[in-house]
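Listed below are the residues making up each chain.
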Amino acid sequence: MTALIFLIFAGIAVFCGVNLVVQTHPIASALSLIGVMGSLAVLYLQLGGEFIAAAQVIVYAGAIMVLFVFVIMLLNAGAETPTFQVSRFVKYLGAILLAFFLGLISFIIQGALPKSEGVLFGTFQGTALDVGRKLFTTYLLPFEVTSVLILIAIVGAIVLARKEV
Amino acid sequence: MVPNAPVPLSWYLILSAILFALGVAGFIFRRNIITVFMSIELMLNAVNLSFVTFSYQFKQVDGHIYSFFVMVVAAAEAAVGLAIILTVFKNRATLMIDEVNSMKY
C-alpha cells in the first residue's frame, strides 16, 4: 500500500514537473506546480511529517501560488513567443537524452546509498508537538531571525511595488 | 505487490533529484520570467523532500524544521521577487528575460 501510494503520487509529481517545464503559458505552469506541491504533501505525510504536510498545503499551495497566479493575471502574461525554431528531431533527441540523464541520476543515487530498512507509513510520526518543542528550544534563534527576515521582505516588497521606482 | 511492503528510502531521494533536475531545466530553458521563478520554487520543493526523507531515516524532526525554514524563506523570496517582476514589467512592458539585459533602462 505504501509503495502503491508512493508510485501514484511520485508519478503525478514527475508528470506535473515535466508539464511545468514544457508548457509555454505561465498559468499552465502555475497549475502544474500546484500539482507537484499537493503530491509532495502526500509524500510528506507518508514520511511522518504531519506538520510539514499541512504547512506545505497552507503556505506553498495556499499562499505562494495564489501570489503567483495573482501576479500572472495582473500582468496579463500570455504564452511565450518562441525566439528560435527547434526541429522535431531535436525535440525527440532531447526527450531521449533527458530520460537517459534522469535514469543515470537514479542509478547513481541507488548505488551510493547504503541499505536501509525502507519507509513504512506509521513507523515515525513527527507530530506538531515534537516540531513545536524543537522549534522553540533548539531552533529558537533561527526562528526569531526568520521573523526579522520576513519583516524585511514585507518592507522591501512595499518599497519595490510603489508607484515611482 | 506485497501488501504493506516498505518503500526504499532511495526512491524518495531519486524523486527529489528528478524534480530538482526538472527545476534546473526550467530555470535554464524558459524565457518567461514568471516561469523561471516557478522553476526555482520547484527546486526548493525538491530539496524539502530530501530533508523530510533524511528526517525519517534519523527519526528526528530536525529535517522538518529545516524544510519549514525553507518554506518561510521561499515565501519571503516570492513576495520580493514578484514585486521586482511587477516593477520590471511596469518599466519595460515585457516579461521575456532575453529583453531584460541592462541594469539601467
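Residues numbered from 1 in each chain as written. Chains lettered and ligands numbered in written order. Predicted model: local features only at pLDDT ≥ 70, side-chain atom pairs only at ≥ 80, totals over all residues.

Notes on the overall build of chain B
Rules: Counting from the N terminus, the helices are DSSP H or I runs at least four residues long and the strands are E runs at least two residues long. Using C-alpha atoms as the atom set, the radius of gyration is obtained and then compared with a globule rule of 2.2 Å times the number of residues to the power 0.38. Backbone-placed C-beta atoms define the burial measure: a residue is buried with 20 or more other C-beta atoms within 10 Å of its own, exposed with 12 or fewer, and partly exposed in between.
From N to C terminus, chain B includes three helices and zero strands. Shown N-terminal to C-terminal, the secondary structure of chain B runs as helices and strands in the order α-α-α. Computed over its C-alpha atoms, the radius of gyration of chain B comes to 18 Å, more than 25% above the 13 Å expected for a compact globule of 105 residues. The principal-axis extents of the C-alpha atoms in chain B amount to approximately 60 × 30 × 20 Å. Across the 105 residues that make up chain B, the buried fraction comes to 50%.

A closer look at helix α4 (residues 88–112) of chain A
One full turn of an α-helix is made of 3.6 residues, so residues set three or four places apart face in the same direction. For clarity, the threshold we go by: Under the convention used throughout, the expected extent of a helix is 1.5 Å for every residue step, that is, one less than its residue count.
Under the 1.5 Å per step criterion, the end-to-end length of α4(A) is 36 Å for 25 residues, consistent within 8% with the ideal 36 Å. Among the 25 residues in α4(A), zero count as buried, and that is only a small part of the element.

Overview of the interface of chain B and chain A
This is how it is decided: Whether two residues are in contact is decided by their C-beta atoms, placed from the backbone, lying within 7 Å. In this count, Pro and Cys sit with the nonpolar residues alongside Ala, Val, Leu, Ile, Met, Phe, Trp and Tyr, while Asp, Glu, Lys and Arg are called charged and the others, Gly among them, polar.
Contacts between the two partners involve 60 residues from chain B and, on the opposite side, 68 residues from chain A. Looking at the side of chain B that touches chain A, the elements that each hand over two or more residues are α1 (9–29), α2 (33–58) and α3 (62–92) of chain B. Top element by residues in the side of chain B that touches chain A is α3(B). It accounts for 21 residues. Residues of the side of chain B that touches chain A, tallied by class, amount to 43 nonpolar, 12 polar and five charged.

Remarks on the domain arrangement of chain A
As a reminder, the rule being used: Marked domain ranges trace back to an automatic or database domain assignment.
Under the domain assignment used here, chain A contains domain 1 (2–124) and domain 2 (127–165). Each of domain 1 of chain A and domain 2 of chain A has a C-alpha centre, and these two points are 26 Å apart.

Some details on the environment of Leu135(A)
By the secondary structure assignment, Leu135(A) is in helix α5 (residues 128–137). A sequence separation of 106 residues divides Leu135(A) from Ser29(A), and the C-alpha atoms of the two residues are 34 Å apart. If near-sequence neighbours (up to four positions away) are discounted, Leu135(A) is found in contact with Phe143(A) and Ile65(B).

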